Amino acid sequence: MKQEMSKTKAQVFALAKKHRVTIRGDVDRYWGEAECEWDAPEGYRFTDTDNHCQYFECPIGPDVPRTDGAKNAPMFWTMMYEELEGNVNSLEKCTESTCDYCGRYEQ
């Protein structure tokens, strides 16, 4: 069985920076939930969702199964890296003739 390599917060943000992706997030320790959102660079979109923004929500806690969330911070950052990596691999130029996000409006 292949052992999964853990990713770190620094690796997540380095991947985002490399692809000019902006990340915002919040951790709610009371509810054990982490929420992150990232935006494609201006003029681009994520083709896997046909969207300019992605949302990553992850329950966190020692009793949370891997299929539902993360038991700890290293697992969370690894899951977030995998999600972000899939998104940045799907980046392509936005081809919409009018796009509020890219700044192209109807004339």
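Provided above is the structure to which this section pertains.
In this report, we go over the structure that sits alongside the text. (Residues numbered from 1 in each chain as written. Predicted model: local features only at pLDDT ≥ 70, side-chain atom pairs only at ≥ 80, totals over all residues. Heavy atoms only, no water.)

A look at the overall build of the protein chain
Inference 1: Secondary structure assignment for the protein chain yields 2 helices and 5 strands.
Inference 2: Each helix (α) and strand (β) of the protein chain, taken in turn from the N terminus, gives the series α-β-β-β-β-α-β.
Inference 3: When its C-alpha atoms are laid out on the principal axes, the protein chain stretches across 55 × 35 × 20 Å.
Inference 4: The burial tally for the protein chain puts 35% of its 107 residues in the buried class. (Helix = DSSP H or I, 4+ residues; strand = E, 2+ residues; numbered from the N terminus. Buried < 20%, exposed > 50% of the residue type's maximum accessible area, 1.4 Å probe, protein only.)

Description of the packing of helix α1 (residues 9-18) against helix α2 (residues 73-88)
Inference 1: Two elements in contact, α1 and α2, have axes whose closest approach is 9 Å; the angle formed by their N-to-C orientations is 15 degrees. Classified by the interaxial angle, the pair formed by α1 and α2 is roughly parallel. Handedness of the α1/α2 crossing: left-handed. Contacts between α1 and α2 involve Lys9, Gln11, Val12, Phe13, Leu15 and Ala16 from the former and Trp77, Met80, Tyr81, Leu84, Glu85 and Val88 from the latter.
Inference 2: Split into classes, the residues belonging to the contact of α1 with α2 amount to 9 nonpolar, 1 polar and 2 charged. (Axes fitted to C-alpha atoms, helices over the stretch in contact; angles between N-to-C directions. Parallel < 35°, antiparallel > 145°, perpendicular 65-115°, else oblique. Left-handed = near helix turned anticlockwise from the far one by under 90°. Contact = heavy atoms within 4.5 Å. Nonpolar A, V, L, I, M, F, W, Y, C, P; charged D, E, K, R; others polar.)

Observations regarding the packing of aromatic side chains
Inference 1: For the structure shown, the criterion picks out 5 aromatic pairs.
Inference 2: Aromatic ring contacts, followed pair by pair, group Phe13, Trp38, Phe56, Phe76 and Trp77 into a single cluster.
Inference 3: Sitting over the face of the ring of Tyr81, Lys7 holds its NZ or CZ atom 4.7 Å from the ring centroid. (Phe/Tyr/Trp six-rings, centres within 6.5 Å; stacked < 30°, edge-to-face > 60°. Lys NZ or Arg CZ within 6 Å of the ring centre and 35° of its normal.)

Re the pairing of strand β1 (residues 22-28)
Inference 1: Here 7 bridges tie β1 to strand β2 (residues 33-39), and the two strands are oriented antiparallel to one another. Within the sheet, the bridge partner assigned to Ile23 lies in β2 and is Trp38.
Inference 2: What sits between β1 and β2 in their antiparallel hairpin is a turn of 4 residues, with Gly32 showing a positive phi close to 65 degrees. (Pairing = 2+ DSSP bridges.)

Concerning the pairing of strand β4 (residues 53-59)
Inference 1: Burial along β4 is one-sided: the residues Gln54, Phe56 and Cys58 are buried and none of Cys53, Tyr55, Glu57 and Pro59 is.
Inference 2: In this sheet, β4 lies alongside β2 in antiparallel orientation, the contact comprising 7 bridges. Bridge pairing in β4 links Glu35 to Glu57.

What about the pattern of salt bridges?
Inference 1: Counted under the stated rule, the structure contains 3 salt bridges.
Inference 2: Here the salt bridges do not stand alone but share partners, grouping Arg24, Glu37 and Asp39 into one network. (Salt bridge = Lys/Arg side-chain N within 4 Å of Asp/Glu carboxyl O.)

Re a negative patch on the surface
Inference 1: On the surface, Asp26, Asp28, Glu35 and Glu57 cluster together into a negatively charged patch.
Inference 2: Here Glu57 is to be found in strand β4.
Inference 3: Under the relative-accessibility criterion, Glu57 is labelled partly exposed at 47%. (Patch = residues over 30% accessible without salt bridge, like charges linked within 9 Å, V, L, I, M, F, W, Y side chains within 5 Å. Areas by Shrake-Rupley, 256 points an atom, 1.4 Å probe, with all protein chains shown as cover. Lys, Arg positive; Asp, Glu negative; His and termini not counted. Charge placed at Lys NZ, Arg CZ, Asp CG, Glu CD.)

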